[in-house]
Every structure is written in structure tokens, then in C-alpha cells.
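# Inside the fold
Residues per chain are reported as follows:
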Amino acid sequence: MSTQVVTPRIRGFVSVNAHPDGCAAEVRRQVAVVRAGLVGRRTGNVLVIGSSTGYGLATLVAAAFGLRAQVLGVCLERPADGERTGSAGWYNLAEAHRLARAEGLQLRSVNGDAFSREVKQRVVDELKARFGPLDYVVYSLAAPRRVSPDGAVTWQSALKSIGAPYTGKAIDLRGDAVVDAGIEPASEQEVADTVRVMGGEDWADWLALFADEHLLNDGCRAIAYSYVGPEVTQQIYRFGTIGRAKEHLEVTAEQLHARLADAHGGGAWVSVQTAVVTQASAAIPGVSLYISILFAVLRERGLWEGTIEQIVRLFRDHVAPGVTPVVDAQRRIRLDDRELAAAVQVEVAARWARVRTANLHELSDYAGYKRAFAQLFGFGVDGVDYGQPTELERPLE
């Protein structure tokens, strides 16, 4: 056993440690939101690929504690090692597992590289041994790189614009200042590699494997998460390398939908989420500033939602058993309706034009953004005594 006082070591958009108690408290808060919003819903077997943080973790929590499903998660996380803390995702899942055991729910995790053949086979073996065919396959994988199945090639994603350099406002997270940011456009190879990492190819590989192994129930629903965003971020996001990958994801959803509908009476959908604080989004120039302004506007109007609130709405209104998804003209579920409401975006654009370092806190919720970012790693969570030693070693099983 290893106990220590854990203090945050956050550098820009990277945290090198995590607080076990803070992560656990955040998971318990998500469970409470789910219990209030998904009462009476039930389903069977759910697989969440990318299950330890962000929308994937929220999906796992909603499925287990709201839908009372048998849930298998796939993640790549790090346990504690001596005096080194585990990763935030590890501590998130450790608490989710603990709560599930206490309630007699089946929640299990496969920890490893979800792109690899080995992990895919481990998932197949786990499903056959303990679960059976799947009712939901949720793809929420966010990874910076992908190794080809034969191990011969590594594709690296790039957060860049396409065609022309990106220039625009951003927040220097180290200095808490509004600055002008610039980034060179991606090469053709960087665009292609980003699509290989963040597009729909791996999602399709998982579904093909499950079809071959007879692990898809009739009516199985496949869901993947995406983002569109407003005009002020489109040059670096939707019209950039990430956006190209998301377009590929949406095309893949159409192909998977036809296959699942024909073979299993189910379907596949991309759910377009609203902007939230994640470690990945913090690395994209301009996005942290945009989210800070957006959060202020949404909170002033009573429209703000976090990851768990959105996932509750996704299941309740669109993909729970017996519910027909409401989709746009491109057959996408839209959870970004509050973010992209015309009145919201008019106000965001006006503040974006005016924002400077001197008025950053007046025009945005930058303090809330920083608090939410720290909470990703278990810091700044209400009710946690950060002056007390805590146990670093937390088991998943």
C-alpha cells in the first residue's frame, strides 16, 4: 500500500499526476446525475471503447448505473507505481468498479491498446465468457497515435488546419493571457494519418469482428461521438485535420448503419456533442478561449451541460431501448443544439471580438474552465481534503 499527499502537477494542458479521491468524487457525482435522469431504463450488454474519461466514462456510468446494463469497457490507463500516482482514467474506473460491485452490477474493463489485435481478441474472449452478444457498441476512443494491426506502421494524428495556416486568438494557459496563435497547415500525409487515427476505420474493424464472432444482438446500436463547432473554431477544427477525420467517421456510420440494419435490425449513428473541457481540446489553439466564453454564455442562460448531462440526454431522448433517434439531414444525432443556438453564438461571437487579457474574466468563465480542467485529474473537487494522505493503489477488480 502507498499513501501520500497528492498535489497537482499541471503544466499547460498536461497533468503528470492525478488525485484518487477527487477522481472518485467526480464519478460519484456522475452516478448521482444518472440516477436522477435515467430512472426505469434497462438494457442488456454494452461495450464502451474508450471508457475511462470524457464522454466514454460518462457513457459507461450511464449504461451501468442508469440502464442497469452489463458493461465492458476498453481503455489504456496506468495504475499507481510506487510513489507515482495512477492516471486519472485508472482512478475513475476504480471507483466505478467499486460502486458497481457494491450494487451487484457487472462492470469489467480490458486495459490495453484498443487498436491492437491482442486487445480486440481479449474483448471477444471476455464477451464470450461473461457477457454474450452486444446490444450497444459505443466508440469514444481519443488517441494521439495508432499502430497498424501488424505493427509495421505508426500513424500520428495532427491538430492542424488544412490548406492555409491557422491564425487567431487563444489562451496561453501557462500565463493566463489572451494571445495571438498561429500554426502551420498540415501536410497531405498528416491529414491522411489523422484520419487513420481518429476516423471511422477502427470502429468499423470492431463491428466487423463482432459480426464474424456472432457477438451482435438483433437490434444492436452502434454509436460514435463527434463535434462540429461554430464558425470561430472551424478553421482549426471542422475544416482542419480533426474535422477531416470526423467526416470519415460520419461516412463510416452510414456504411455501418446499412450493415447493422440489414443483418441485425439495428443501426449506427454519430452523436454530435457540445464543447466540453478535455485534455485533448486544451491542446487545440483557440478552443480553450472559445469554451471559456461559451460556458459563460450558456451558464447565464441556464443552458450549460457537462459530459454526463449530455449522455443522460442522449440515452433518454435518442438511443435508450425503444427510443427512435432524432437526427439531422446528415442522419446525425445533435446534442450541440444548445451550443449552436443562434442567440448563443451571436453573443459568443461578440465577446470573442472584444476579449483581451484585461477583460478575460469579465467576458468568459475562464476560472470555471481552469477548475473543470483541474477536475479532469481529480483536483479542485468540492468535499475532498487535499491536505490528507490518500491511498494511491486502487484496484479495478
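See above for the structure.
Definitions and limits used
Residues numbered from 1 in each chain as written. Predicted model: local features only at pLDDT ≥ 70, side-chain atom pairs only at ≥ 80, totals over all residues. Heavy atoms only, no water. Helix = DSSP H or I, 4+ residues; strand = E, 2+ residues; numbered from the N terminus. Buried < 20%, exposed > 50% of the residue type's maximum accessible area, 1.4 Å probe, protein only. Contact = heavy atoms within 4.5 Å. Areas by Shrake-Rupley, 256 points an atom, 1.4 Å probe, with all protein chains shown as cover. Lys, Arg positive; Asp, Glu negative; His and termini not counted. Charge placed at Lys NZ, Arg CZ, Asp CG, Glu CD. Phe/Tyr/Trp six-rings, centres within 6.5 Å; stacked < 30°, edge-to-face > 60°. Lys NZ or Arg CZ within 6 Å of the ring centre and 35° of its normal. Patch = residues over 30% accessible without salt bridge, like charges linked within 9 Å, V, L, I, M, F, W, Y side chains within 5 Å. Salt bridge = Lys/Arg side-chain N within 4 Å of Asp/Glu carboxyl O. Core = buried A, V, L, I, M, F, W, Y, C linked by side-chain atoms within 4.5 Å. Expected span 1.5 Å × (residues − 1). Pairing = 2+ DSSP bridges. Right-handed = clockwise from strand over helix to strand, strands pointing away. Axes fitted to C-alpha atoms, helices over the stretch in contact; angles between N-to-C directions.

Let us look at the overall build of the protein chain. Tallying secondary structure elements over the protein chain gives 14 helices and 15 strands in all. The dimensions of the protein chain, computed from C-alpha atoms along their principal axes, are 60 × 50 × 45 Å. Taken over 397 residues, the protein chain has a buried fraction of 56%. Here the analysis covers contacts within the protein chain between residues at least 6 apart in sequence; of these, 77% occur between residues at least 24 apart. For the protein chain, the accessible area works out to roughly 16,400 Å², and carbon and sulfur atoms hold 51% of it. Side chains of the protein chain give 43 positive and 47 negative charges; the mean places of these two sets differ by 3 Å.

Enumeration over the complete set of coordinates arrives at nine aromatic pairs. Their ring planes at 65° and their centres at 6.0 Å tell us that Tyr-136 and Phe-315 sit as a pair that is edge-to-face. Pair noted here: Tyr-136 is in strand β7 (residues 134-139) and Phe-315 is in helix α11 (residues 307-319), with a separation of 179 residues, a long-range link. As far as the burial class goes, Tyr-136 and Phe-315 line up, both buried. Between Phe-373 and Phe-377 the ring centres are 5.4 Å apart and the planes differ by 65°, which places this aromatic pair in the edge-to-face class. In this structure, Arg-299 packs its charged tip against the face of Trp-304, placed 4.5 Å from the ring centre.

What follows is about a nonpolar patch on the surface. A grouping of Phe-13, Val-14 and Val-16 is seen on the molecular surface, where their side chains present a nonpolar patch of about 200 Å² in accessible area. Among the secondary structure elements, Val-16 is positioned in the loop between β3 (14-15) and α1 (20-37).

Counting 82 residues, the largest nonpolar core has Phe-65 and Val-71 as the members making the most contacts within it. With 34 residues, the next largest nonpolar core counts Leu-134, Tyr-139, Ala-222 and Leu-256 among its residues.

Another point: the side chain of Ser-51. Looking at the element boundaries, Ser-51 is found in the loop between β4 (45-49) and α2 (54-66). Excluding residues within four positions of it along the chain, Ser-51 makes contact with Gly-56, Leu-57, Leu-60, Gly-73, Val-74, Cys-75 and Leu-93.

Right, let's get into the environment of Ala-32. With respect to the element layout, Ala-32 can be found in helix α1. Residue classification places Ala-32 among the partly exposed positions, given a relative accessible area of 44%. Note: C-alpha distance between Ala-32 and Gln-156 (124 residues apart in sequence) is 37 Å.

A positive phi angle, close to 55°, is found at Asp-176, a residue other than glycine. Take Asp-176: it is sitting in the loop between β10 (166-172) and β11 (177-183). Assessed through its relative accessible area of 29%, Asp-176 is described here as partly exposed. Phi at His-214 takes a positive value of approximately 55°, unusual for a residue other than glycine. Along the chain, His-214 falls in the loop between α6 (201-212) and β12 (216-226).

This part is about α2. A rise of 1.5 Å per residue sets the reference length of α2, with its 13 residues, at 18 Å; its end C-alpha atoms lie 17 Å apart and thus fit the reference within 8%. Along α2, the residues that are buried comprise Tyr-55, Gly-56, Leu-57, Ala-58, Thr-59, Leu-60, Val-61, Ala-62, Ala-63, Ala-64, Phe-65 and Gly-66. Positioned one or two residues after α2, Arg-68 has a phi angle of 55°, which is positive.

The next point concerns the pattern of salt bridges. Under the criterion given, the structure shown has 29 salt bridges. Between Glu-305 and Arg-313 there is a salt bridge whose closest N-O contact spans 2.9 Å. Assigned by exposure class, Glu-305 and Arg-313 land together as buried. Where Asp-328 meets Arg-334, a salt bridge forms, and the shortest distance between an N and an O atom there is 2.9 Å.

The next subject is the pairing of strand β5 (residues 70-75). Counting buried positions along β5 gives five out of six residues, so the element sits mostly inside the fold. Where β4 lies against β5, five bridges are found, and the strand directions are parallel. Each residue of the ladder has a partner; that of Val-46, found in β5, is Val-71. Pairing of β5 with strand β6 (residues 107-111), which is carried by five bridges, proceeds in the parallel orientation. When the bridges of β6 are listed, Val-74 appears paired with Val-110. Taken together, β5, helix α3 (residues 88-103) and β6 constitute a β-α-β crossover, and its handedness is right-handed.

Once that is clear, we can look at the sheet that holds β12. The pairing of strands in a sheet happens through backbone hydrogen bonds and is either parallel or antiparallel. As summarised here, the arrangement of the seven strands in space is β6-β5-β4-β7-β12-β13-β14, forming an open sheet in which the pairing is parallel. The strands lining the two open edges of the sheet, one partner per strand, are β6 and β14 (333-334). When β4 meets β7, the two strands line up parallel, connected through four bridges. Counted as the bridge partner of Val-48 is Val-138 from β7. Of the strands in this sheet, β5 and β6 are in contact with α3, which crosses β6 at around 155°. Seen against the sheet, helix α8 (residues 241-264) touches β12 and β13 (267-272) and runs at an angle of roughly 170° to β12.

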